[in-house]
Amino acid sequence: MPSPLPSPLSALTIERGCKLRELNSFGLPALAHTLVRIRSDADVRRVLDHPELGRSPKLVLGGGSNLVLTRDPQAVVLRVEVMGRRLVEARDDAWIVEFGAGEPWHDAVAWTLDQGWPGLENLGLIPGTVGGAPVQNIGAYGIELADRFESLDAVDLVTGRSVTLSAKACAFGYRDSVFKQGGFGGLAGKSLITRLRLRLPRPWQPVRGYLDLERRMAETGNPEPDARTLFDWVCAIRRTKLPDPALLGNVGSFFKNPIVSAEQCRDITGRDPHLVHYPLPDGRYKLAAGWLIDACGWKGKSIGGAGVYERQALVLVNRGGATGAEVVMLARAIQQSVYGRFGIRLEPEPVIV
Ligand code: EPU
């Protein structure tokens, strides 16, 4: 008996020998032997049931904006393209909105503002997709994703089961979550996020304590900017400091801002009084990694095609034809010189494959 042909709706889109350069914001060259476009939870289960792909290792790819590809992935690449946006609930205390993980993050932020649901304005212009946002708990200008998180749906890459995770289960930290953690209890490489729900509190409470925003308030003589104005300011500030990945490949901040004890901070400021540092509620200090790298003279320097951005030393860029190996070499050289001068180990922010 002839086996039934898969209907077009249930068929997987499988591509072989797929170039990844266009699919990572650093523009690094790599080849996926197999790439599957995931448009629903069911697509993930189809991959897991597939006789050839089911048992292969998997690499989940969203916007590729927090990824450094140093070689061709040995895994099957699952490109997340789950789309959709909707209001789940208008509660007295919040709007709950839901996005497919494949939606571009910035478009999602702009859409909520267009609908009259403020709360994400400080997170405008962050590259990447909605599904990548919880993985590294994106943050900017005083707000982190965790502050607006309601829940997310993910598919277990072994069992194919769909699960809903709370904030607690996601274990958000500074540019960190359970999705970046390997080992027992971590979910790195073990699940694929399909949908994210955000909670936008009512009434709206602006977050405008960040120095760059306070400067804008003073310059414009507008001490009470509305959400749309804050969004426009954030986008303008980012455009001046951060390169547009469409023009100059990059993954945003390459290192996390290191957190040190009060004693270590005092020790450094004793020698370098200009060190940019911020007190944390627990008595420790967060140091500006960009300042540390800048102080070591890295701004504008390059190794091969990989360089340190002239306007923000925390951002590494692809000046044309960079390889992942060159990016990693540059990052290591920066780590060594910052350690040599300040005794601080910088930790990369993106996932290195
Ligand atoms: N600085 C220098 N030289 C430099 C770069 C920075 O002296 O080359 C100093 C600046 O003068 C400033 C301080 O370092 O006083 C901090 O710089 P900035 O305000 O640009 O912020 P950042 O700490 O470098 C963080 C996030 C960004 C986020 C901004 C705004 C991290 C790793 N980075 O950057 O997030 O947009 O704050 O909130 O936390 C990202 O994660 O990819 C990212 C872009």
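Residues numbered from 1 in each chain as written. Predicted model: local features only at pLDDT ≥ 70, side-chain atom pairs only at ≥ 80, totals over all residues. Heavy atoms only, no water.

What to know about the confidence of the model for the chain
Mean pLDDT over the chain works out to 95, with 97% of the residues at or above the 70 mark. pLDDT under 50 marks residues 1-9. Its contacts with residues more than four places away, or in other chains, come to 2 contacts. (pLDDT = per-residue confidence, 0-100. Contact = heavy atoms within 4.5 Å.)

Quick look at the sheet that holds strand β2 (residues 31-38)
Overall, mixed pairing links the 4 strands, which are arranged β1-β2-β5-β3 in an open sheet. Only two strands of the sheet have a single partner each, and these edge strands are β1 (13-19) and β3 (58-61). Strand after strand, the sheet turns through a mean of 30° between neighbouring axes, direction not considered. By the bridge criterion, 4 bridges tie β3 to strand β5 (residues 76-80) in an arrangement that is parallel. Opposite K58, over in β5, you have V76 as the bridge partner. Running at roughly 135° to β2, helix α1 (residues 41-49) makes contact with β2, β3 and β5 of the sheet. (Pairing = 2+ DSSP bridges. Helix = DSSP H or I, 4+ residues; strand = E, 2+ residues; numbered from the N terminus. Axes fitted to C-alpha atoms, helices over the stretch in contact; angles between N-to-C directions.)

Observations concerning the packing of helix α5 (residues 211-220) against helix α6 (residues 227-241)
Their axes nearest at 11 Å, the elements α5 and α6 cross at an angle of 115°. On the basis of their axis angle, the class for α5 and α6 is roughly perpendicular. For the pair α5 and α6, the sense of crossing is right-handed. Taking contact as the criterion, the partners of D212, L213, R216, M217 and T220 in α5 are, on α6, L230, W233, V234, A236, I237 and K241. Classifying every residue of the contact of α5 with α6 by side-chain character gives 7 nonpolar, 1 polar and 3 charged. (Parallel < 35°, antiparallel > 145°, perpendicular 65-115°, else oblique. Left-handed = near helix turned anticlockwise from the far one by under 90°. Nonpolar A, V, L, I, M, F, W, Y, C, P; charged D, E, K, R; others polar.)

Topic: the site of the ligand
In the region of the ligand, 23 residues are neighbours, and Y141, Y174, D294, A313 and E349 sit closest. Contact distances for the ligand include 2.7 Å between an oxygen atom and a side-chain N or O atom of Y174. Taken by itself the ligand offers 820 Å² of open surface, and the protein chains cover 83% of this. Where the shell around the ligand is concerned, the elements lending two or more residues are β8 (139-140), α6, β13 (249-253) and α8 (289-295). Here the shell around the ligand is built from residues that sort into 11 nonpolar, 6 polar and 6 charged. Residue contributions to the shell around the ligand reach at least three from each of two domains, namely domain 2 (85-201) and domain 4 (249-352). (Near = heavy atom within 4 Å. Polar contact = N/O pair within 3.5 Å; in protein donor to acceptor, adjacent residues only side chain to side chain. Areas by Shrake-Rupley, 256 points an atom, 1.4 Å probe, with all protein chains shown as cover. Domains from an automatic or database assignment.)

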